[in-house]
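Commentary on secondary and tertiary structure
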Amino acid sequence: MDYKKIFNQHQDENVFIKTTSSPMDGSQKAALNRKGNMLFNAGKIEEARRIFMTTGYSDGLSRIGDYYKSQNRLLEALRMYWIAPDRSKAEPLFAQVAAVVKDLINQEEAPNG
């Protein structure tokens, strides 16, 4: 299977493609994490996110979550914190997201006039 071709077909999409290849050894994982850190520092957040999700690099995923939070992309930030797992950052977002949902429900239930 040509994994590079598959990844390139979905390059601009917000997807994660799971493969069943052999696990990475520590040096491969470290090299990918370094590349992810370089991409993150260069502002290539989505490319870095894909690498960090592949390697399971919790610190990188948490930093991606911080970036999303700074962009007010709370659900995406929450997802990164949950995957990291960084519960200390995820739990406050649960309250924020719940408040947004509550406001939406209240707006729908409010009389129109």
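You'll find the structure just up there.
Residues numbered from 1 in each chain as written. Predicted model: local features only at pLDDT ≥ 70, side-chain atom pairs only at ≥ 80, totals over all residues. Heavy atoms only, no water.

1. Quick word on the packing of aromatic side chains
Considering all chains together, one arrives at three aromatic pairs under this definition. Residues Tyr67 and Tyr68 carry aromatic rings whose centres are separated by 6.1 Å and whose planes lie at 55° to one another, so their mutual orientation is tilted. A relative accessible area of 28% means that Tyr67 is categorised as partly exposed. A residue is classified by how much of its surface remains accessible, and Tyr68, at 2% relative accessible area, is buried. Over the ring of Phe40 we find Arg63, and its NZ or CZ is 5.0 Å from the ring centre. Here the basic side chain of Arg87 rests over the ring of Trp82, its NZ or CZ set 3.6 Å away from the ring centre. (Phe/Tyr/Trp six-rings, centres within 6.5 Å; stacked < 30°, edge-to-face > 60°. Buried < 20%, exposed > 50% of the residue type's maximum accessible area, 1.4 Å probe, protein only. Lys NZ or Arg CZ within 6 Å of the ring centre and 35° of its normal.)

2. Examining the pattern of salt bridges
In the structure shown here, the tally under the stated rule is five salt bridges. Between Arg63 and Asp59 there is a salt bridge; the shortest N-O distance is 3.2 Å. Here Arg63 pairs with Asp59, and both are found in helix 4 (residues 58–70), just four residues apart, close to one helical turn. The exposure class assigned to Asp59 is partly exposed, which follows from its relative accessible area of 40%. When the shortest N-O distance is used, the salt bridge between Arg73 and Glu76 registers 2.6 Å. Take Arg73: its relative accessible area is 30%, and that puts it in the partly exposed class. (Salt bridge = Lys/Arg side-chain N within 4 Å of Asp/Glu carboxyl O. Helix = DSSP H or I, 4+ residues; strand = E, 2+ residues; numbered from the N terminus.)

3. So, helix 5 (residues 74–83)
Of the residues making up helix 5, those classed as buried are Leu74, Ala77, Leu78, Met80 and Tyr81. Taken end-on, helix 5 shows its buried residues confined to a sector of 165°, consistent with a single buried face. For helix 5, the elements touching its buried residues are helix 3 (45–55), helix 4 and helix 6 (87–109). (Arc of directions from axis to C-beta. Contact = heavy atoms within 4.5 Å.)

4. Examining the nonpolar core
Nonpolar side chains in soluble globular proteins generally cluster together in the buried interior. By size, the foremost hydrophobic cluster in this structure holds 19 residues, and its most contacted members are Ala48, Phe52, Leu61, Ile64, Tyr68, Met80 and Leu93. Broken down by secondary-structure element, the contributors of at least two residues to this core are helix 2 (26–41), helix 3, helix 4, helix 5 and helix 6. Setting aside residues no more than four positions away along its own chain, Leu93 makes contact with Lys69, Leu74, Ala77, Leu78 and Tyr81. (Core = buried A, V, L, I, M, F, W, Y, C linked by side-chain atoms within 4.5 Å.)

5. With respect to the environment of Gln28
Among the structural elements, Gln28 can be located in helix 2. Between the C-alpha atom of Gln28 and that of Thr55, which follows or precedes it by 27 residues, the distance is 9.2 Å.

6. Some points on unusual backbone geometry
For the bond from Ala84 to Pro85, the omega torsion is -20°, close enough to zero to count as cis. Topologically, Pro85 is positioned in the loop between helix 5 and helix 6. Positive phi, normally seen in glycine, also occurs at Asn72, with a value near 65°. Its location among the elements puts Asn72 in the loop between helix 4 and helix 5.

Taken by themselves, the reported measurements are silent on function.
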